[in-house]
Amino acid sequence: MFSFFSKKYFLKDQLEDFIDIHNHILPGIDDGAANLQASIELIEGFNRLGINKFIATPHIMNDYYPNSPESIGNALRILREELNVQRKKNIQIKAAAEYMMDQAFLELMMKEDLLTLTDNKVLVEMSYFQAPINLNEILFQLQTRRYLPVLAHPERYAFFHSKSLNKYKALKNRGCSFQLNILSLVGHYGKNIQEIALRLLEEEMIDFLGTDTHQMRHLEKLSSIKISKKQLQLILPVIDKTKESFRF
Ligand SMILES: [Fe+2]
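These lines cover the structure that appears in this document, whether it is placed above or below. (Residues numbered from 1 in each chain as written. Predicted model: local features only at pLDDT ≥ 70, side-chain atom pairs only at ≥ 80, totals over all residues. Heavy atoms only, no water.)

Brief notes about the packing of aromatic side chains
Within the structure shown, the criterion is met by 9 aromatic pairs. Ring plane angle 25° and centroid distance 5.7 Å describe the contact between Tyr128 and Tyr157, whose orientation is recorded as stacked. With Tyr128 in the loop between β7 (121-125) and α4 (135-144) and Tyr157 in the loop between β8 (148-152) and α5 (166-173), the pair connects residues that are 29 residues apart, well separated along the chain. An aromatic cluster of at least three residues, connected via ring pairs, comprises Tyr128, Tyr157, Phe159, Phe160, Tyr168 and Phe178. Lying over the aromatic face of Phe10, Lys12 brings its terminal NZ or CZ to 5.0 Å of the ring centre. The aromatic ring of Phe248 is capped on one face by Lys53, whose charged end is 5.8 Å from the ring centroid. (Phe/Tyr/Trp six-rings, centres within 6.5 Å; stacked < 30°, edge-to-face > 60°. Helix = DSSP H or I, 4+ residues; strand = E, 2+ residues; numbered from the N terminus. Lys NZ or Arg CZ within 6 Å of the ring centre and 35° of its normal.)

Observations concerning the packing of helix α3 (residues 103-111) against α4
At a minimum axis separation of 10 Å, α3 and α4 run at an interaxial angle of 15°. The angle between the axes of α3 and α4 places the two elements in the roughly parallel class. In this structure, the crossing between α3 and α4 has a hand that is left-handed. For the pair α3 and α4, contact is made by Phe105, Leu106, Met109 and Met110 and by Glu137, Ile138, Gln141 and Leu142, respectively. The class makeup of the residues in the contact of α3 with α4 is 6 nonpolar, 1 polar and 1 charged. (Axes fitted to C-alpha atoms, helices over the stretch in contact; angles between N-to-C directions. Parallel < 35°, antiparallel > 145°, perpendicular 65-115°, else oblique. Left-handed = near helix turned anticlockwise from the far one by under 90°. Contact = heavy atoms within 4.5 Å. Nonpolar A, V, L, I, M, F, W, Y, C, P; charged D, E, K, R; others polar.)

Section: the environment of Asp30
Mapped onto the fold, Asp30 is located in the loop between β2 (19-20) and α1 (36-48). For Asp30 and Phe140, which are 110 residues apart along the polypeptide, the C-alpha to C-alpha distance reads 28 Å. Here Asp30 is in contact with His24, Pro58, His59, Tyr65 and Asn67, once residues within four sequence places are set aside. Polar contacts involving the side chain of Asp30 include one to the main-chain amide nitrogen of His59, which spans 3.1 Å. (Polar contact = N/O pair within 3.5 Å; in protein donor to acceptor, adjacent residues only side chain to side chain.)

Comments concerning the pattern of salt bridges
A full pass over the atoms with the stated rule returns 7 salt bridges. For the salt bridge of Lys241 with Asp207, the shortest nitrogen-to-oxygen distance reads 2.9 Å. Of this pair, Lys241 sits in helix α8 (residues 229-245) while Asp207 sits in the loop between α6 (191-202) and β10 (208-210), placing them 34 residues apart in sequence. Judged by relative accessible area, which is 37%, Lys241 ranks as partly exposed. Between Glu244 and Arg247 there is a salt bridge; the shortest N-O distance is 2.7 Å. Look at Arg247 and you get exposed, because its relative accessible area is 57%. One continuous salt-bridge network, built from bridges that share partners, spans Lys172, Asp207 and Lys241. (Salt bridge = Lys/Arg side-chain N within 4 Å of Asp/Glu carboxyl O. Buried < 20%, exposed > 50% of the residue type's maximum accessible area, 1.4 Å probe, protein only.)

Focus on the coordination of the iron ion
Coordination of the iron ion by the protein comes from His22 (NE2), His24 (NE2), Glu98 (OE) and Asp212 (OD), over a distance range of 2.0 to 2.3 Å. In this structure, the iron ion is surrounded by 4 donor atoms whose angles at the metal cover 83 to 171°, and the resulting shape is irregular. Between consecutive donors of the iron ion, the numbers of intervening residues give the motif H-x1-H-x73-E-x113-D. Here His24, found in the loop between β2 and α1, pairs with Glu98, found in strand β6 (residues 98-100); they are 74 residues apart in sequence, far enough to count as distant. Here Glu98 falls in the buried class, since its relative accessible area comes to 0%. (Donors = N, O, S within 2.8 Å, 3.2 Å for Na, K, Ca; no water. Tetrahedral: all angles 85-135°; square planar, octahedral: opposite > 155°, others 65-115°.)

Concerning the side chain of His188
With respect to the element layout, His188 can be found in the loop between β9 (177-181) and α6. Setting aside residues no more than four positions away along its own chain, His188 makes contact with Leu183, Arg217, His218 and Lys221.

Remember that the coordinates give geometry; whether it matters functionally is a separate question.
Encoded structure:
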């Protein structure tokens, strides 16, 4: 019999063995896990989804979260020690960062090596209100140093939204890869962001997926996501590419 309701698929069923390359699970150093206990709870939540490999990406944001390789390395060590004590041997965590592209970022990259997701890939974000006025300069300087910028959640920057997606195309032409937040697919950040997320997927402009998990409610929402067959077909290659590119 004809049905108005086409079949929907749980996205979580496709996330077994996924490597999450964008999350805030390190304890106490940004707006993610507040302490060690919260980190462990998040990791256990991920485990229930079949995810046990992580590249933790705490914010490095001059005014709010002035993290450094030292503060991040320290939080990673504390978390790994606790996982060891709790005999959670199946968990593998590396750390990088989510760099805010502000003036301090430009100075930072002149001064020291950046924390990379893998090889030379650097996760970067920008303000939700406006692009950095020196965005071109930042991208140029990154590439001069042979870094490959991976733009976190491109769909969330409303000032890039347009029918033609031309601002996104320009960023890709300038060498940016795009990392979509999985929760954008279900309107967690709003309807416009959901629409652009789906369009970027349809146009095959999304390179990688990440959860950007800060707290347990993000994981709860993630586990309930249902998508259409068409969306599933768009997303599976991106899941594979993410696993392939960041394998460890
Ligand atoms: Fe993030």
